[in-house]
Amino acid sequence: LPFMWVDRFGPHERRVQCWMAYRMEVEVPLGAGPWRSHLAEDGRIADFSLDEHRAMCQHGQETFARLEAKGSGKVHFSLQDVKRAQQWLHGLFAQHDRAGHCERQALLELTLEVVDTLRSFQHQHIGDAQAVEKCLSEGFFDGSLGVVVRGHLRLFVCHFYCISCLAAISNFARRFPEVT
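Model, not experiment: these values are computed from the prediction.

### Focus on the pattern of salt bridges
Working step 1: Taken as a whole and assessed by the stated rule, the structure comprises 12 salt bridges.
Working step 2: Residues joined by salt bridges that share partners form a network here, namely Glu25, Glu27, Arg36 and Arg150.

Below you can see the structure in the form of structure tokens.
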């Protein structure tokens, strides 16, 4: 295809896009009964990102700015939350850094949507804000730290996943075991 860079291994990584769709429920247990929020996406595209290929002091800035612009400036997470989520979804370094692959970026965007939902909860329920802080600092959404995320996720790319993206998918599955 004339619009794609192709080398002997297939399309260049910067030209590949990932389609994702999901239905999720975020639940925070409270004394008066659980607080729940639903996240849904019928389909959107995640692209390659150079964000983590920049100097360490600049990691997360491009992702934060892109998602903030997408949300019309209304995001509840911080740059520190972005950097933390990037650490949660580490891939493998094989021949070159593959942190920008679109599959990992799709998982990162979804993770940050969950973080945004929980930060919004903290702003609305000041008295119960500590109920989610440990979960947000550790990054496990399996119910062991209080917060549980359940639902379904679909990812599609036009090629096979590289070993680094498989590692990122495994890290996502470990942190979100109730998401299939």
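That covers the picture; the talk isn't over yet.
### Let's talk about the sheet that holds strand β4 (residues 35-46)
Working step 1: Here we have three strands laid out as an open sheet, ordered β4-β3-β5, and antiparallel in their pairing. Of all the strands in the sheet, the pair left with one neighbour each is β4 and β5 (148-156). Pairwise comparison of adjacent strand axes, ignoring direction, gives a mean angle of 5 degrees for this sheet.
Working step 2: As paired strands, strand β3 (residues 18-28) and β5 are joined by nine bridges and run antiparallel to one another. Of the residues in β5, the one forming a bridge with Ala21 is Arg154.

### Section: the packing of helix α2 (residues 79-88) against helix α3 (residues 102-124)
Working step 1: Where α2 meets α3, the closest approach of the two axes is 10 Å, and the angle between their N-to-C directions is 135 degrees. Taken together, the axes of α2 and α3 are oblique relative to one another. Between α2 and α3 the crossing geometry is right-handed. The segment α2 lies against α3, with Asp81, Val82, Arg84, Ala85, Gln86 and Trp88 engaging Arg104, Leu108, Thr111, Leu112, Val115 and Arg119.
Working step 2: Looking at side-chain class alone, the contact of α2 with α3 contains six nonpolar, two polar and four charged residues.

### Notes on the confidence of the model for the chain
Working step 1: Across the chain, the average pLDDT comes to 84, with 83% of residues at 70 or higher.
Working step 2: The low-confidence segment residues 5-11, where pLDDT is below 50, has eight contacts with residues more than four positions distant or belonging to other chains.

### Let's talk about the packing of aromatic side chains
Working step 1: Within this structure, the stated rule accounts for four aromatic pairs.
Working step 2: With centroids separated by 5.7 Å and ring planes inclined at 70 degrees, the aromatic side chains of Trp88 and Phe141 adopt a geometry described as edge-to-face. A residue pair is termed long-range when its members are at least 10 positions apart, and Trp88 in helix α2 and Phe141 in the loop between α4 (130-138) and β5 qualify at 53 residues.
Working step 3: Classification of Phe141 by relative accessible area gives buried; the value is 0%.
Working step 4: Between the aromatic rings of Phe141 and Phe176, the centroid separation amounts to 4.6 Å while the plane-to-plane angle is 10 degrees, which identifies the pairing as stacked. One end of the pair, Phe141, is in the loop between α4 and β5; the other, Phe176, is in the segment after α5 (163-175), with 35 residues separating them in the sequence. Each member of the pair, Phe141 as well as Phe176, carries the same accessibility label: buried.
Working step 5: Cluster of aromatic residues (ring-pair linked, three or more members): Trp88, Phe141, Phe172 and Phe176.
Working step 6: Between Arg175 and the ring centre of Phe140, over which it is positioned, the NZ or CZ distance is 4.6 Å.

### With respect to α2
Working step 1: Regarding α2, the residues found buried are Asp81, Val82, Ala85, Gln86 and Trp88. Taken down its axis, α2 places every buried residue within 155 degrees of arc, on the same side.

### Topic: the nonpolar core
Working step 1: One finds Phe77, Val114, Leu118, Phe141, Val147, Val149 and Phe172 to be the most contacted residues of the largest nonpolar core, which totals 38 residues.
Working step 2: For this core, the element with the most residues is α3, which contributes 10 residues.
Working step 3: Not counting residues up to four positions away in its chain, the partners in contact with Phe141 are Trp88, Val114, Leu118, Cys135, Val147, Val148, Val149, Arg175 and Phe176.

### Quick word on a nonpolar patch on the surface
Working step 1: A contiguous nonpolar patch, built from Trp19, Ile45 and Phe156 and spanning about 300 Å² of accessible area, is present on the exposed surface.
Working step 2: Structurally, the position occupied by Phe156 is in strand β5.

Criteria and cut-off values
- Residues numbered from 1 in each chain as written.
- Predicted model: local features only at pLDDT ≥ 70, side-chain atom pairs only at ≥ 80, totals over all residues.
- Heavy atoms only, no water.
- Salt bridge = Lys/Arg side-chain N within 4 Å of Asp/Glu carboxyl O.
- Pairing = 2+ DSSP bridges.
- Helix = DSSP H or I, 4+ residues; strand = E, 2+ residues; numbered from the N terminus.
- Axes fitted to C-alpha atoms, helices over the stretch in contact; angles between N-to-C directions.
- Parallel < 35°, antiparallel > 145°, perpendicular 65-115°, else oblique.
- Left-handed = near helix turned anticlockwise from the far one by under 90°.
- Contact = heavy atoms within 4.5 Å.
- Nonpolar A, V, L, I, M, F, W, Y, C, P; charged D, E, K, R; others polar.
- pLDDT = per-residue confidence, 0-100.
- Phe/Tyr/Trp six-rings, centres within 6.5 Å; stacked < 30°, edge-to-face > 60°.
- Buried < 20%, exposed > 50% of the residue type's maximum accessible area, 1.4 Å probe, protein only.
- Lys NZ or Arg CZ within 6 Å of the ring centre and 35° of its normal.
- Arc of directions from axis to C-beta.
- Core = buried A, V, L, I, M, F, W, Y, C linked by side-chain atoms within 4.5 Å.
- Patch = residues over 30% accessible without salt bridge, like charges linked within 9 Å, V, L, I, M, F, W, Y side chains within 5 Å.
- Areas by Shrake-Rupley, 256 points an atom, 1.4 Å probe, with all protein chains shown as cover.

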